[in-house]
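This is what each chain is made of:
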Amino acid sequence: MSSNDPIQLSVVIPVYNEEGNLPTLFSRLYPVLDALGRSYEVIFTNDGSADRSSVLLAEQHAARPDVTRVIEFNANYGQHMAVMAALERVRGEVVVTLDADLQNPPEEIPVLLEKTDAGFDCVGGVRQARQDSMFRRYVSKFINFVRGRMTSIRMTDQGCMLRAYSRNVVDGIVRSGAVNTFIPALAYNLARRPTEVPVKHEERHAGTSNYSLYSLIRLNFDLITYFTTAPLQIFTIVSMLCSAGSLLLVVVLGVRRIVHGSDADGVFTLFAILFFLISVCMVGIGLIGEYMGRTYQVVRNRARYHVSHILEVKP
Ligand code: UDP
Ligand code: MG
């Protein structure tokens with residue numbers, strides 16, 4: 001684990017197949033940090049990249065061993081676990097997270113630090129003129145809305161990973177031992193004085209997003225289910241309403257049968273109602289499964305990720 005003498009700033013960057021971006025990232029990031037006049041370290045977590053990222057990170061470590069640390073995972077565990085592994089090892093009083101693809105310009109780091117210097121312990125970037133596909137932007141808006149409704153987390157732009165946290169918040173994140181989580185939201189819950197600042201957003205420098213539609217859906221499920229059980233409660237309420245409606249229907253049909261005798265009319269309406277009720281049940285089972293799966297993961301207490309090796313100079 002880390003040493004006790006603190007440095008001022010830790011920059012945490014998850015890396016997954018970013019060989020096309022790393023050289024530019026290095027050439028833009030380090031000058032910004034050198035110009036800050038603060039002691040700093042950069043921690044890269046290589047999240048099981050299959051390209052030359054690992055080699056490039058090792059080269060950078062060799063070039064700037066004093067300020068560069070590289071955590072190598074044996075496999076791909078996802079962006080948030082990559083950040084988590086770095087948070088567990090940071091030495092900085094303030095921690096900034098950043099994407100490796102240069103969508104978050106490193107030049108914006110000082111903007112965040114102004115806020116932490118002013119005493120805010122959780123600073124969220126809000127992407128201005130977001131450079132993502134229209135689809136991503138709309139989905140993101142929708143999820144922001146759902147999250148806003150279901151949890152007590154108030155964030156304008158949850159998906160922006162350009163963020164700064166005080167040491168105290170980072171310690172809380174690490175102690176939480178969270179498995180499937182969304183670090184910005186977790187941090188927000190632990191902060192005493194959260195704030196937000198507008199930051200620039202650029203197009204992905206090279207390569208394509210590592211998030212498929214599937215992993216985006218998973219991630220957003222993590223976000224909602226980790227922080228609230230509201231979906232379960234909403235489901236229970238909807239199911240109760242459905243049961244009440246069905247009961248009413250049974251009564252109406254029963255009375256009709258007694259008054260008019262049996263009839264085959266309206267069989268399709270009945271089917272429609274039945275299908276609807278079955279689909280409600282299926283959604284419910286799926287939902288319970290989501291929560292159960294997560295409970296199971298926590299209960300069996302398996303390591304969240306495996307570090308194969310770390311490149312660092314021990315202080
Ligand atoms: N990333 C990671 N592990 C993954 C997926 C992504 O460490 O399984 C990193 C990636 O290298 C980048 C950041 O997380 O630094 C954000 O990923 P990406 O740019 O693909 O996501 P998007 O910007 O499309 O949300
Ligand atoms: Mg990106």
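The shown structure was predicted, so the numbers you read here are calculated from the model rather than taken from an experiment.

**Q** Hey, could you run me through the site of ligand 1 in this one?
**A** Around ligand 1, the structure places 17 residues, and the nearest of them are Glu 18, Asp 47, Asp 101, Ser 209 and Asn 210. The separation between a nitrogen atom of ligand 1 and a polar side-chain atom of Asp 47 is 2.6 Å. In this structure, an oxygen atom belonging to ligand 1 sits 2.7 Å away from a side-chain N or O atom of Gln 103. When ligand 1 sits alone it has 530 Å² of accessible area, and the protein chains cover 93% of it. One can see that ligand 1 is located within the largest pocket. Here the shell around ligand 1 is built from residues that sort into five nonpolar, six polar and six charged.

**Q** Please explain the pattern of salt bridges as it appears in this structure.
**A** For side chains bearing opposite charge, pairing can occur when the charged atoms are close. What the rule picks out here adds up to 21 salt bridges. The shortest N-O distance in the salt bridge between Arg 127 and Asp 132 comes to 4.0 Å. As far as the burial class goes, Arg 127 and Asp 132 line up, both buried. For Arg 218, the salt bridge is made with Glu 290, and the minimal N-O distance between the two is 3.7 Å. With a gap of 72 residues between them, Arg 218 in helix α8 (residues 213–227) and Glu 290 in helix α10 (residues 267–300) connect regions that are remote in the sequence. On the basis of relative accessibility, which here comes to 31%, the residue Arg 218 falls in the partly exposed class. Residues joined in a network through salt bridges with shared partners are Glu 41, Arg 69, Arg 91, Glu 312 and Lys 314.

**Q** Where do I start with the pairing of strand β2 (residues 40–46) in this structure?
**A** Working note: regular strand, side chains alternate between the two faces of the sheet. A large share of β2 lies buried, amounting to seven of its seven residues. Neither face of β2 is left uncovered, since the one carrying Tyr 40, Val 42, Phe 44 and Asn 46 and the one carrying Glu 41, Ile 43 and Thr 45 both have all their residues buried. When strand β1 (residues 7–15) meets β2, the two strands line up parallel, connected through seven bridges. If you follow Ile 13 over to β2, its bridge partner there is Phe 44. In terms of handedness, the path from β1 via helix α1 (residues 22–34) over to β2 forms a crossover that is right-handed. Pairing geometry for β2 and strand β3 (residues 68–73), over five bridges, is parallel. Opposite Phe 44, over in β3, you have Val 70 as the bridge partner.

**Q** Can you walk me through the coordination of the magnesium ion (ligand 2) in this structure?
**A** Note on metal sites: the ideal angle is 109.5 degrees for four tetrahedral donors, and 90 or 180 degrees for six octahedral donors. Distances from the magnesium ion (ligand 2) to its protein donors, Asp 101 (OD) and Gln 103 (OE1), fall within 1.9 to 2.0 Å. Considered together, Asp 101 and Gln 103 belong to a single accessibility category, that of buried residues.

**Q** Teacher, can you tell me more about unusual backbone geometry here?
**A** Trans is the common state for peptide bonds, and a negative phi is the common state for residues other than glycine. Here Leu 102, not a glycine, exhibits a phi torsion of approximately 70 degrees, which is positive. Positive phi values are uncommon outside glycine, yet Ala 129 reaches one of about 45 degrees. Take Ala 129: its relative accessible area is 58%, and that puts it in the exposed class.

Reading the values: rules and limits
Residues numbered from 1 in each chain as written. Chains lettered and ligands numbered in written order. Predicted model: local features only at pLDDT ≥ 70, side-chain atom pairs only at ≥ 80, totals over all residues. Heavy atoms only, no water. Near = heavy atom within 4 Å. Polar contact = N/O pair within 3.5 Å; in protein donor to acceptor, adjacent residues only side chain to side chain. Areas by Shrake-Rupley, 256 points an atom, 1.4 Å probe, with all protein chains shown as cover. 1 Å grid on protein atoms, 1.4 Å probe; cavity = no way out; pocket = protein on both sides within 12 Å on 5 of 7 lines; lining within 4 Å. Sits in = over half its atoms within 2 Å of the grid points. Nonpolar A, V, L, I, M, F, W, Y, C, P; charged D, E, K, R; others polar. Salt bridge = Lys/Arg side-chain N within 4 Å of Asp/Glu carboxyl O. Buried < 20%, exposed > 50% of the residue type's maximum accessible area, 1.4 Å probe, protein only. Helix = DSSP H or I, 4+ residues; strand = E, 2+ residues; numbered from the N terminus. Pairing = 2+ DSSP bridges. Right-handed = clockwise from strand over helix to strand, strands pointing away. Donors = N, O, S within 2.8 Å, 3.2 Å for Na, K, Ca; no water.

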